[in-house]
Amino acid sequence: MTIIEKINEFLSRTSRLMKGGGEASLEKQKKRGKMNARERLDALLDGDSFFEIDLFVEHTAKDFGMKGKQLAGDGVVTGFGRVNGRSVAVYAQDFTVVGGSLGKAHADKIVKTMDSAGEMGMPLIGINDSGGARIQEGVDSLCGYGDIFFRNTRLSGVVPQISVILGPCAGGAVYSPALTDFVFVVDKISNMFITGPQVIKTVLDEEISAEELGGAKTHSGITGNAHFYVMTEQEAFQQIRKLLSFLPLSCSEKPPVMEDIIPPKNALNSTDVIPADRTKPYCVKGIIKGIIDGSDFLEVQERYARNIVIGFGRIDGKTVGIIANQPQFLAGVLDVNASDKAARFIRFCDAFNIPLLTLVDTPGYLPGIDQEHSGIIRHGAKLLYAYSEATVPKLTVVMRKAYGGAYVAMCSRHLGANFVIAWPSTEIAVMGPEGAASIIFKKEISESDDPESMKKKMVQKYEDKFANPYIAASRGYVDQIIEPSETRETLITALRLAKNYKTNVIKRRHGNMPV
Ligand code: HXC
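Overview of the structure.

The rules behind these values
- Residues numbered from 1 in each chain as written.
- Predicted model: local features only at pLDDT ≥ 70, side-chain atom pairs only at ≥ 80, totals over all residues.
- Heavy atoms only, no water.
- Near = heavy atom within 4 Å.
- Polar contact = N/O pair within 3.5 Å; in protein donor to acceptor, adjacent residues only side chain to side chain.
- Areas by Shrake-Rupley, 256 points an atom, 1.4 Å probe, with all protein chains shown as cover.
- Nonpolar A, V, L, I, M, F, W, Y, C, P; charged D, E, K, R; others polar.
- Helix = DSSP H or I, 4+ residues; strand = E, 2+ residues; numbered from the N terminus.
- Buried < 20%, exposed > 50% of the residue type's maximum accessible area, 1.4 Å probe, protein only.
- Contact = heavy atoms within 4.5 Å.
- Salt bridge = Lys/Arg side-chain N within 4 Å of Asp/Glu carboxyl O.

Before going further, it helps to spend a moment on the site of the ligand. Around the ligand, the surrounding shell holds 18 residues, and the nearest of these are Arg32, Gly99, Gly131, Ala133 and Ile135. Contacts to the ligand include Gly131, whose backbone N or O atom sits 2.6 Å from a nitrogen atom. Measuring from a nitrogen atom of the ligand, one finds a backbone N or O atom of Ile135 at 3.1 Å. If the ligand stood free it would expose 1000 Å²; the protein chains cover 51% of that surface. The class makeup of the residues in the shell around the ligand is 9 nonpolar, 6 polar and 3 charged.

Turning to the side chain of Thr14, a few remarks are in order. Position of Thr14 among the secondary structure elements: in helix 1 (residues 3–18). Since its relative accessible area comes to 17%, Thr14 is described here as buried. Among the polar contacts listed, one links the side chain of Thr14 to the backbone oxygen of Phe10, at a separation of 2.8 Å. Excluding its chain neighbours within four sequence positions, the residues that come into contact with Thr14 are Leu55 and Phe56.

If you walk through the whole model with that rule in mind, you get 26 salt bridges. A salt bridge links Asp74 to Arg134, with the shortest nitrogen-to-oxygen separation between them at 3.1 Å. With a gap of 60 residues between them, Asp74 in the loop between strand 1 (51–53) and strand 2 (76–83) and Arg134 in the loop between strand 4 (124–128) and helix 5 (139–155) connect regions that are remote in the sequence. Exposure remark for Arg134: the relative accessible area of 1% places this residue in the buried category. Among the charged side chains, a network of salt bridges with common partners joins Lys34, Arg40, Asp129 and Glu233.

Next comes the structure, spelled out in C-alpha cells:
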C-alpha cells in the first residue's frame, strides 16, 4: 500500500467509526428525541476541544453471534475536553451501538478515562445511555461494572464526579451514578431502576410505568437519587457547565475565584427580611439571594426534602456551599431526608475546599412515629457528623429559631463553626416558648383561676428571658449580633479572615459515619 492508500484507509475507518451504530440507528435515536453521543459531547464541551482516545478499541467476544461483529468504539466515546477553558475527562455511552450495552472493552475504555481523571486531577463527567451489562459477554461485562464502581469510590473526594442520565440506566448500572457526586436527569428521557416494570409485574404483580418507577420526576422529587432535574438535554449540559464553574478541578485546589464581583440584586433590608410574626413562614431563597454575588444561586436537589435548601453561590467572588432551613416547607424542620440531603452536600464541600455558609431558622427535629421508625436518630446523626468532620471554614448565621438539637446540629459553635452571627430576631432555646412554658410553668398554669391568660403570661416570661440571641452571645456561642442588612459585609470580612484557615485533624484510618 502506498502512503496515500494507507491514509485513505485510515480516513475511511475513522469515518465509519464516527458514525456509531450507522445512519439507521442514529435516525432512530433522533426520533426518540435524543441527541447522539457525539452531539452530546459537542454540547457539553468548549467548541472543538474534544480530544478523543480509544476510537479504534474492539471487543474480543465470540459467543452469541459476537464473533467478528464490529461495534464502533465498542459503544462508548471517551476522552478529554474543556469546559470554560478548564480540563475535564468525559465518556458518553452510545445507544446506537448495541444499545450502549457495557462489554469488557467498553468498560476498559471508561476505566482508562477514570484513571486519567484521577492522575491528572480533573473532573469526570459520565453520560449514561445504556441497556446495561452486555448480555452476550456474561461475567466479563459484570466485572467491567465492578471495575467502574471501584474507581468511582476511589475517586470520590479526589475529583468531582458528575453523571448525566440520558436514556435507560438499569440494573446494577445505576450504582455508578449513585457513587458519583451529582446526578442530572432530564424529563421523559432518563430512566433509572434496579429492576424494571416487567420484572416487578412478574415477581410482585405490581404495575407501574417506567417513567413513574424511575423517571426524572421520581428521582428528583421522591428518591433523592438525582440532584438536578431539567427539561432538555441542552439544559443539562448548560447546568453542568455552570456547576463546574463553582468547583475546583480536584481536591488539591481551591475553587476558582471570580474577579468581577457583582452585588446582590436585592440587598437585605434590616426591617422586613423576617416576618414580624415569629410563626409566619417565608422563603429563605430570598435571603440567600440577598447575600450572594449577583444573587446567582445554583440550587442542588431543589425538588427533594424542600424543608432544607442547599446549593452553591459566591461571596466576594469565592464559592460557598450554602445550607439553609426553609421555613416555607414544614416550617424548616429537620427530618430524615433533609438530614441526608444536607450531610452529603456538606461532605462534598469539605472534600473540595468549599467554605460552608449555614443559615438557621428551624423549630427542631421533626417529631412523630414515622420519623422515629424511619431512623431519625441515625439520619439526624449524619448532619452532626458531617459538620463536625468538616475542616473548611464554617460560617453560621442564625436568623430566627434555633431550638433544641437543631440549634446544635445546624453548624453551631459546638460543632466547630468558626464564626457565628445572629440577627436580633434570633431565638436560641431548648424548645419553643409555648412548649417550654407549658412544661416548666405547668403548676402555675393549672392552679391559676385563668389558665389561658396565665399561660400567655408565662410564654411571654420565657420569651423575654430565653427567646433571643443575648444569652448565647453572653456565653460566646454567638460571636456577633448584627442587623440583617450587615450580613453580606460581615461574611465577606469573615471569609477574608478565614483565607488561610487550618485545623488539626486527628490521625486515623477513617471515621465511621452513621450511614
Ligand atoms: C446486549 C442489548 C442490551 C444488553 C439492549 N441491547 N440492551 N444488547 N445487552 N443489555 C441491544 C438490543 O438488542 C438492540 O440491538 C439495541 O440494543 C437497542 O435495543 P432495543 O431493545 O431495540 O431498544 P429499546 O426498545 O429502546 O429498549 C431499550 C432497553 C431494552 C429498555 C434498554 O433494550 C432492554 O430492556 N434491554 C435490556 C436491559 C437489561 O435488562 N439489561 C441488563 C441489566 S442487568 P439491535 O441489534 O436490535 O439494534 C445489569 C447488571 C449489571 O446491567 C450488574 C452490575 C453489578
